Amino acid sequence: MITRRAIFEGRIKPGMEERFFEEVENRLAPLWQAFPHALAVRMFRIEDCDDEERPIVMIQEVDYPDRAKMQEAITSSARDAARACTLELLEMLDGRFYHVISAGDRLSAEG
């Protein structure tokens, strides 16, 4: 399994906090869930961040069976629609977003 995360770094513009997350939940989340081959989609609204200079507002995660399926998803029309919506929502954010990709390995509790 492979996980692609979108990290939304920055600050939501004053007075737009609730609207930003309403738009994410009502418009953007359904688009994320339509990505081909997505096994699971998660969104985390960050309540606090250690680094005040680089605060994280939100993290979105999508799990895929493998890198090839992820590549199909991020070149799909579903991703195009989600990207267009994301760019609209970024008008409410003083910041940026970027992606990180990781293998789905877990730490073992065995010892």
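The structure presented is a predicted model; accordingly, all values stated were derived computationally and were not measured.

Would you take a moment to explain the environment of E23 for this structure?
With respect to the helices and strands, E23 occurs in helix α1 (residues 17–33). Through-space distance from the C-alpha of E23 to that of T86 is 9.6 Å; in sequence the pair is 63 residues apart. Setting aside anything within four residues of it in sequence, one finds E23 in contact with L28, L89 and M92.

When you look at unusual backbone geometry in this model, what are you seeing that I'm missing?
Most peptide bonds adopt trans geometry, and most residues besides glycine take a negative phi value. Of note, the phi angle at H37 is positive, near 70°, even though the residue is not glycine. We classify H37 as partly exposed; its relative accessible area is 30%.

Is there a simple way to explain the pattern of salt bridges in this structure?
One side chain can pair with another of opposite charge once the charged atoms of both are near each other. Tallied over the entire structure, the rule returns eight salt bridges. Residue R5 is joined to E61 by a salt bridge in which the shortest nitrogen-to-oxygen separation is 2.7 Å. Residue R5 is found in strand β1 (residues 2–12), and its partner E61 is found in strand β3 (residues 56–64); the two are separated by 56 residues along the sequence. Look at R5 and you get partly exposed, because its relative accessible area is 22%. R54 is paired through a salt bridge with E9; the nearest N and O atoms lie 4.0 Å apart.

What exactly am I supposed to notice about the environment of A81 here?
Checked against the element boundaries, A81 lands in helix α3 (residues 77–89). C-alpha separation for the pair A81 and V41, spaced 40 residues apart in sequence, amounts to 16 Å.

Sorry, what's going on with α3 here?
For the α-helix, the turn length of 3.6 residues means that residues three or four positions removed from each other point alike. The end-to-end C-alpha distance of α3 is 19 Å, a good match for the 18 Å that 13 residues give at a rise of 1.5 Å each. For α3, the complete set of buried residues consists of A78, R79, A82, C85, T86 and L89. Across the axial projection of α3, the buried residues extend over an arc of 125°, all falling on one side. Looking at the buried residues of α3, the elements they touch are β1, α1, α2 (67–74) and β4 (93–103).

Help me out: how do you make sense of the packing of aromatic side chains in this one?
The relative placement of two aromatic rings is captured by the distance of their centres and the angle of their planes. The full count for this structure, using the stated rule, is two aromatic pairs. Relative to F97, the ring of F8 lies with its centre 5.3 Å away and its plane at 15°, an arrangement referred to as stacked. Here F97 lies in strand β4 and F8 lies in strand β1, a separation of 89 residues in the sequence. Of the two residues, F8 and F97, both sit in the buried class.

About the cut-offs
Residues numbered from 1 in each chain as written. Predicted model: local features only at pLDDT ≥ 70, side-chain atom pairs only at ≥ 80, totals over all residues. Heavy atoms only, no water. Helix = DSSP H or I, 4+ residues; strand = E, 2+ residues; numbered from the N terminus. Contact = heavy atoms within 4.5 Å. Buried < 20%, exposed > 50% of the residue type's maximum accessible area, 1.4 Å probe, protein only. Salt bridge = Lys/Arg side-chain N within 4 Å of Asp/Glu carboxyl O. Expected span 1.5 Å × (residues − 1). Arc of directions from axis to C-beta. Phe/Tyr/Trp six-rings, centres within 6.5 Å; stacked < 30°, edge-to-face > 60°.

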